[in-house]
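# Survey of secondary and tertiary structure
This is what each chain is made of:
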Amino acid sequence: IHRYGAVGLFLLATAFVCAAPLFWHHAELPDVRASESYKNSDLYQFVLPSMHFAFGRLRAGEFPLWNSRQMCGTPLLADHRLGLFQPLNAVFLHSPTDRAMALHSFMCLALMGFGFVLFARSLELSYTAALIGGLVYAFSGASAAAMSRPYLASALAWLPFVFWTVREFARSGQRSWAPMAGLFLAVFIFAGAYALAVLVV
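No experiment lies behind these values; they were computed from the predicted model shown.

### Structural notes on the nonpolar core
Grouped together as the largest cluster of nonpolar side chains are 40 residues, with contacts concentrated most on L109, M112, M147, W158, W164, F184 and F188. If one sorts the elements of this core by residue count, helix α7 (residues 150–172) sits on top with 10 residues. Sequence-distant contacts of L109, that is, excluding residues within four places in its chain, are made with A20, F23, W24, A138, F139, S143 and M147.

This is the structure:
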């Protein structure tokens, strides 16, 4: 399809892959101590300890149903915010939790930008307009706030791909787009941001 030139998409994808770490470093590494980061206390009180425990148990070959280390015990597998079945969270299986958070953010930011470009091109916008839209979507303040919550970051990463495939299916009517749209919708839902998923569906 002429809307998806290989060279143009490759250059835009490379730009988002390179820009993601720079944005993350600028937005997510403020010069304050963790004890003073009250605006993002959820990161230190829930996200980091829970992700560390859950994926640590998976690395040890256990299937974590229960977290005995927080609040006198909490359900683990049933907590949608952990996204144990989210493909983007696989980085937590292979890296220390703090490094995995950074890698997860890099992937999400790059996917957000590139996915938006695909969606914009499906609307027949120019590459320049698609690039500007991708930059605004991926590197805004709302995106920066979502990076400390992997379930929300993953959902925002897959959302443009859902819109892109649904748009192409509606445009062409070709059944080959339907499985791809279903796949992207599934990984979007498995991110665990159920309020956003209900709104989108």
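### A few points about the pattern of salt bridges
Following the criterion strictly, the structure yields five salt bridges and no others. One salt bridge connects R3 with E168, and the closest N-O pair in it is separated by 2.8 Å. Of the two residues, R3 is situated in the segment before α1 (6–28) and E168 in helix α7; the sequence distance between them amounts to 165 residues. Residue class for R3 comes out buried when judged on its relative accessible area of 7%. Given the relative accessible area of 1%, E168 is considered buried.

### Digging into the environment of D79
If you trace the backbone, D79 turns up in the loop between β2 (74–75) and α3 (91–94). Put simply, D79 and S50 are 29 residues apart on the chain and 9.9 Å apart in space, counted from C-alpha to C-alpha. Within polar-contact distance, the side chain of D79 engages the side chain of R81 at 3.0 Å.

### Brief notes about unusual backbone geometry
Most peptide bonds take the trans configuration, and most residues that are not glycine carry a negative phi. A positive phi angle, near 65°, is found at E124, a position not held by glycine. Its place among the elements puts E124 in the loop between α4 (97–122) and α5 (127–138).

### With respect to the packing of α4 against α7
Relative to each other, α4 and α7 sit at 20°, their axes nearing to 8 Å. Here α7 runs roughly parallel to α4, going by the angle between their axes. Considering how the two elements wind past one another, α4 and α7 form a crossing that is left-handed. Within the contact of α4 with α7, the residues separate by chemical class into 17 nonpolar, four polar and three charged.

### Things to note about the packing of aromatic side chains
Scanning all chains against the criterion turns up 11 aromatic pairs. With a centroid separation of 5.1 Å and 50° between ring planes, the pair formed by F23 and F139 is classed as tilted. One end of the pair, F23, is in helix α1; the other, F139, is in the loop between α5 and α6 (141–146), with 116 residues separating them in the sequence. Taking relative accessible area as the criterion, F23 reaches 15% and is therefore assigned buried. Exposure remark for F139: the relative accessible area of 19% places this residue in the buried category. Here F116 and F119 contribute two aromatic rings whose centre-to-centre distance is 6.4 Å and whose plane-to-plane angle is 80°, an arrangement assigned as edge-to-face. Residue F116 and its partner F119 are both found in helix α4; the two are separated by three residues, about one turn of the helix. Site record: aromatic cluster; members linked through ring pairs are F116, F119, Y137 and F163. The aromatic ring of Y127 is capped on one face by R121, whose charged end is 3.8 Å from the ring centroid.

Definitions and limits used
Residues numbered from 1 in each chain as written. Predicted model: local features only at pLDDT ≥ 70, side-chain atom pairs only at ≥ 80, totals over all residues. Heavy atoms only, no water. Core = buried A, V, L, I, M, F, W, Y, C linked by side-chain atoms within 4.5 Å. Buried < 20%, exposed > 50% of the residue type's maximum accessible area, 1.4 Å probe, protein only. Helix = DSSP H or I, 4+ residues; strand = E, 2+ residues; numbered from the N terminus. Contact = heavy atoms within 4.5 Å. Salt bridge = Lys/Arg side-chain N within 4 Å of Asp/Glu carboxyl O. Polar contact = N/O pair within 3.5 Å; in protein donor to acceptor, adjacent residues only side chain to side chain. Axes fitted to C-alpha atoms, helices over the stretch in contact; angles between N-to-C directions. Parallel < 35°, antiparallel > 145°, perpendicular 65-115°, else oblique. Left-handed = near helix turned anticlockwise from the far one by under 90°. Nonpolar A, V, L, I, M, F, W, Y, C, P; charged D, E, K, R; others polar. Phe/Tyr/Trp six-rings, centres within 6.5 Å; stacked < 30°, edge-to-face > 60°. Lys NZ or Arg CZ within 6 Å of the ring centre and 35° of its normal.

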